[in-house]
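# Observations on chain architecture
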Amino acid sequence: MSLLRPAVTVVAGFTLLLGLAVPMAMTGLATTFLPNAAGGSLIERDGRVVGSALIGQNFTGERYFHGRPSATTASDPQDGGRIVDSPYNAASSAASQRGPSSQVLVDGVRERIATAGPAPVPADAVMASGSGLDPDISPENAARQVGRVAQARGMPEERVRAILRENTAAPILGFLGVPRVNVLRLNLALDAAS
């Protein structure tokens, strides 16, 4: 009994400290110093939330830049025991678990390479991201889509390229990471310019 009381006191103390006080302090610091990031990096248009800068969306129309392929899945509504492709399904963020020996993966990549245009094809144009929800693409991937988007919107290619340049983020501090393009922000900028 003499050992039980100190043990319970330590567990209760650390539970309050690490389970309540520290998370509340971190949340307070985050909302004070990084309010946009702490709030989910939500993007609004006309006072309405249209998405998050951190979660990709499934753009398929010719007028829009397309994101990286997504391997997320969902239960088949017709047969709950089956799984079907469900691109950018935020409720099912995960990789496909298909490895290099998967014929389904190989066939999918080959199909995307065939429709991507002349080589070399950027990897993010044909390979799905680990989460299936990647919001960014490489500037090279975006540049390959300029002609299609410009033609579908009836805009000069140079104007679309200028909007792409304005929406290309540089590496953090000039050397951390790689240049990237947030697809949602780019598509919203295109809509605003049309």
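Residues numbered from 1 in each chain as written. Predicted model: local features only at pLDDT ≥ 70, side-chain atom pairs only at ≥ 80, totals over all residues. Heavy atoms only, no water.

Naming follows an unreviewed UniProt entry, where the protein chain appears as Potassium-transporting ATPase KdpC subunit of Roseomonas gilardii. For the protein chain, the Sequence similarities (unreviewed entry) comment in UniProt is given as "Belongs to the KdpC family." The protein chain has a UniProt comment under Subcellular location (unreviewed entry) that states "Cell membrane". (UniProt positions renumbered as here; feature names shortened; annotations may be inferred.)

## Quick look at a nonpolar patch on the surface
A cluster of nonpolar side chains, contributed by V10, F14, L17, L18, V22, M26, L29, F33 and L34, occupies part of the molecular surface with about 900 Å² of accessible area. For M26, the position within the fold is in helix α1 (residues 4–33). By relative accessible area, which is 51% here, M26 ends up exposed. (Patch = residues over 30% accessible without salt bridge, like charges linked within 9 Å, V, L, I, M, F, W, Y side chains within 5 Å. Areas by Shrake-Rupley, 256 points an atom, 1.4 Å probe, with all protein chains shown as cover. Salt bridge = Lys/Arg side-chain N within 4 Å of Asp/Glu carboxyl O. Helix = DSSP H or I, 4+ residues; strand = E, 2+ residues; numbered from the N terminus. Buried < 20%, exposed > 50% of the residue type's maximum accessible area, 1.4 Å probe, protein only.)

## What about helix α6 (residues 183–193)?
When α6 is considered as a whole, its buried residues turn out to be V183, L184, L186, N187, L188 and L190. The secondary structure elements touched by the buried residues of α6 are β1 (42–45), β2 (48–52), β5 (136–137), α4 (139–153), α5 (157–166) and β7 (180–182). The distance from a side-chain oxygen at the start of α6 to the backbone nitrogen of L184 is 3.3 Å, and the residue carrying that oxygen is N182. (Contact = heavy atoms within 4.5 Å. Polar contact = N/O pair within 3.5 Å; in protein donor to acceptor, adjacent residues only side chain to side chain.)

## A closer look at the pattern of salt bridges
A side chain with one charge can pair with a side chain of the opposite charge if their charged atoms come near. Using the criterion set out here, one finds six salt bridges in the structure. R45 serves as the salt-bridge partner of D191, at 3.1 Å between the closest nitrogen and oxygen. With D191 in helix α6 and R45 in strand β1, this pair connects stretches of sequence that are 146 residues apart. D191 gets classed as partly exposed once you look at its relative accessible area, which sits at 23%. Judged by its relative accessible area of 34%, R45 is partly exposed. Between R161 and E157 there is a salt bridge, with the nearest N and O atoms lying 3.2 Å from each other. Note that R161 and E157 are positioned in helix α5 at a spacing of four residues, about one turn of the helix. On the basis of relative accessibility, which here comes to 30%, the residue R161 falls in the partly exposed class. When salt bridges with common partners are traced through the structure, they connect R45, R153 and D191 into a single cluster.

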